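Report on the structure
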Amino acid sequence: MLLAPFALADSRLRPRSRRSSTSRRPLRAPLPVWNVTWLVLGTLGLLAIPPLRGGNFSGWTMPFWLVVAPLVNLLWLSRARWSTPLQGWIAGRRRSSR
């Protein structure tokens, strides 16, 4: 289901080059157009076609594959965009609570 490789474990094993240590900005690749299209069309399909919303037979499988799966993919692929601000927000909340 996820499109990005799990490369977290072997990234610790490789030595860092001088070039990667000097640049602090993470690489921000554009989101895949087909994945955004899948999310938009799936959401529109759920809103426009009531049988796609699930029922006694299919349960929540169609809403999952039409909306949740592409949303999880987009969040995973764009984790560099939202993880740094989220960490800053969490750190700010911890400082203000003390």
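What counts, and where the lines are drawn
- Residues numbered from 1 in each chain as written.
- Predicted model: local features only at pLDDT ≥ 70, side-chain atom pairs only at ≥ 80, totals over all residues.
- Heavy atoms only, no water.
- Helix = DSSP H or I, 4+ residues; strand = E, 2+ residues; numbered from the N terminus.
- Buried < 20%, exposed > 50% of the residue type's maximum accessible area, 1.4 Å probe, protein only.
- Contact = heavy atoms within 4.5 Å.
- Areas by Shrake-Rupley, 256 points an atom, 1.4 Å probe, with all protein chains shown as cover.
- Expected span 1.5 Å × (residues − 1).
- Phe/Tyr/Trp six-rings, centres within 6.5 Å; stacked < 30°, edge-to-face > 60°.
- Axes fitted to C-alpha atoms, helices over the stretch in contact; angles between N-to-C directions.
- Parallel < 35°, antiparallel > 145°, perpendicular 65-115°, else oblique.
- Left-handed = near helix turned anticlockwise from the far one by under 90°.
- Nonpolar A, V, L, I, M, F, W, Y, C, P; charged D, E, K, R; others polar.

1. Considerations on the overall build of the chain
- Counting its regular elements, the chain contains five helices and zero strands.
- Ordering the α and β elements of the chain from the N terminus gives α-α-α-α-α.
- By the burial criterion, 13% of the 98 residues in the chain qualify as buried.
- Partitioning the contacts of the chain with sequence separation of at least 6, the portion at a separation of at least 24 is 74%.
- Summed over all atoms, the accessible surface of the chain reaches about 8,400 Å², with 65% contributed by carbon and sulfur.

2. Some points on the environment of Asn35
- For Asn35, the location among the structural elements is in helix H3 (residues 33-48).
- What makes Asn35 buried here is its relative accessible area of 0%.
- Sequence separation of Asn35 and Asn73 is 38 residues, and the distance between their C-alpha atoms is 7.7 Å.

3. With respect to H3
- When the terminal C-alpha atoms of H3 are compared, their 22 Å separation across 16 residues agrees well with the 22 Å that a helix rising 1.5 Å per residue should span.
- Looking at the buried residues of H3, the elements they touch are helix H4 (61-77).

4. Brief notes about the packing of aromatic side chains
- The tally for this structure, following the rule as stated, stands at two aromatic pairs.
- Taking the centre distance of 6.2 Å and the plane angle of 15 degrees together, the rings of Trp34 and Trp38 count as stacked. Pair noted here: Trp34 and Trp38 are both in helix H3, with a separation of four residues, about one helical turn.
- Residue class for Trp38 comes out partly exposed when judged on its relative accessible area of 27%.
- Between the aromatic rings of Phe64 and Trp65, the centroid separation amounts to 4.9 Å while the plane-to-plane angle is 80 degrees, which identifies the pairing as edge-to-face.

5. Focus on the packing of H3 against H4
- Contact pair H3 / H4: the axes reach a minimum separation of 8 Å and the direction vectors enclose 150 degrees. Classed by the angle they form, the pair H3 and H4 counts as roughly antiparallel. Between H3 and H4 lies a crossing whose hand is left-handed. Contacts between H3 and H4 involve Asn35, Val36, Trp38, Leu39, Gly42, Thr43 and Leu46 from the first element and Pro63, Trp65, Leu66, Val67, Ala69, Pro70, Leu71, Asn73, Leu74 and Leu77 from the second.
- Of the residues that constitute the contact of H3 with H4, the class distribution is 13 nonpolar, four polar and no charged.

Nothing here speaks to function; it is all geometry.
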